[in-house]
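Okay, here's what each chain looks like letter by letter:
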Amino acid sequence: MPALLTYAPEDTAELGRKLGGLLLAGDLICLIGELGAGKTSFAQGVARGLGVEGQVRSPSFTLIHEYYGRLPLYHLDLYRLNDPSELEDLGYEEYFYGDGVALVEWADRVREVLPEERLEIYIDRLAEVEDCRKLKLAPRGERYRRLVEELMDVACAGNRNCDTGCFGSRGI
């Protein structure tokens, strides 16, 4: 499973921006990580990569925010979801199978309703270095395998340390 390290919230957002620039209509990005891992920073970067302007916030209390750029971005934060069946009330299928990009924070809470093909990104804090994050990329399906290859090419372009999986201010 390919992985990248970021060393600051800005690096995590920048990696998200690079991914956002590669996304197509119908793509599903699933973010998995503990509270404070950097999921929202990454999501904000994805929004920038899709050309979304203005502030992008985590939709913790409303569950879904829609943003418009090059493609619509459907940002779902499922932290407060008690049961996957609650997604049905939200009409999740129009987001997962719609004409935009669906980005789901806390996707591990609803695995049973997720489409089989998707990109899962596991974000972990590394205790050894403050603000360091390890992002593990788990493509599910051919489209997402190619997307991860493209992201690694873009993220590692000009990065002399990319063979170690570094990205950002300390990795360049």
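To start, this report covers the structure provided alongside it. (Residues numbered from 1 in each chain as written. Predicted model: local features only at pLDDT ≥ 70, side-chain atom pairs only at ≥ 80, totals over all residues. Heavy atoms only, no water.)

Two elements in contact, helix α1 (residues 9-20) and helix α5 (residues 142-156), have axes separated by 10 Å at closest approach and are oriented at 125 degrees. Accordingly, the angle class assigned to the pair α1 and α5 is oblique. Between α1 and α5 the crossing geometry is right-handed. For the pair α1 and α5, contact is made by Leu15, Lys18 and Leu19 and by Leu147, Leu151, Val154 and Ala155, respectively. Of the residues contributing to the contact of α1 with α5, the split by class is six nonpolar, no polar and one charged. (Axes fitted to C-alpha atoms, helices over the stretch in contact; angles between N-to-C directions. Helix = DSSP H or I, 4+ residues; strand = E, 2+ residues; numbered from the N terminus. Parallel < 35°, antiparallel > 145°, perpendicular 65-115°, else oblique. Left-handed = near helix turned anticlockwise from the far one by under 90°. Contact = heavy atoms within 4.5 Å. Nonpolar A, V, L, I, M, F, W, Y, C, P; charged D, E, K, R; others polar.)

A few words on the pairing of strand β4 (residues 72-77). Judged by how many residues are buried, β4 sits mostly within the fold: six of six residues are covered. Residue alternation in β4 divides its side chains into two sets, Pro72, Tyr74 and Leu76 and Leu73, His75 and Asp77, and both sets are buried. Bridge count for strand β3 (residues 64-68) against β4 is five bridges, and the pairing is antiparallel. Paired with Glu66 across the strands is Tyr74, a residue of β4. The antiparallel hairpin formed by β3 and β4 contains three residues in its connecting segment. Inspection of the sheet shows β4 paired to strand β5 (residues 101-105) by five bridges, in the parallel sense. In the sheet register, His75 faces β5, and the bridge partner there is Leu103. (Buried < 20%, exposed > 50% of the residue type's maximum accessible area, 1.4 Å probe, protein only. Pairing = 2+ DSSP bridges.)

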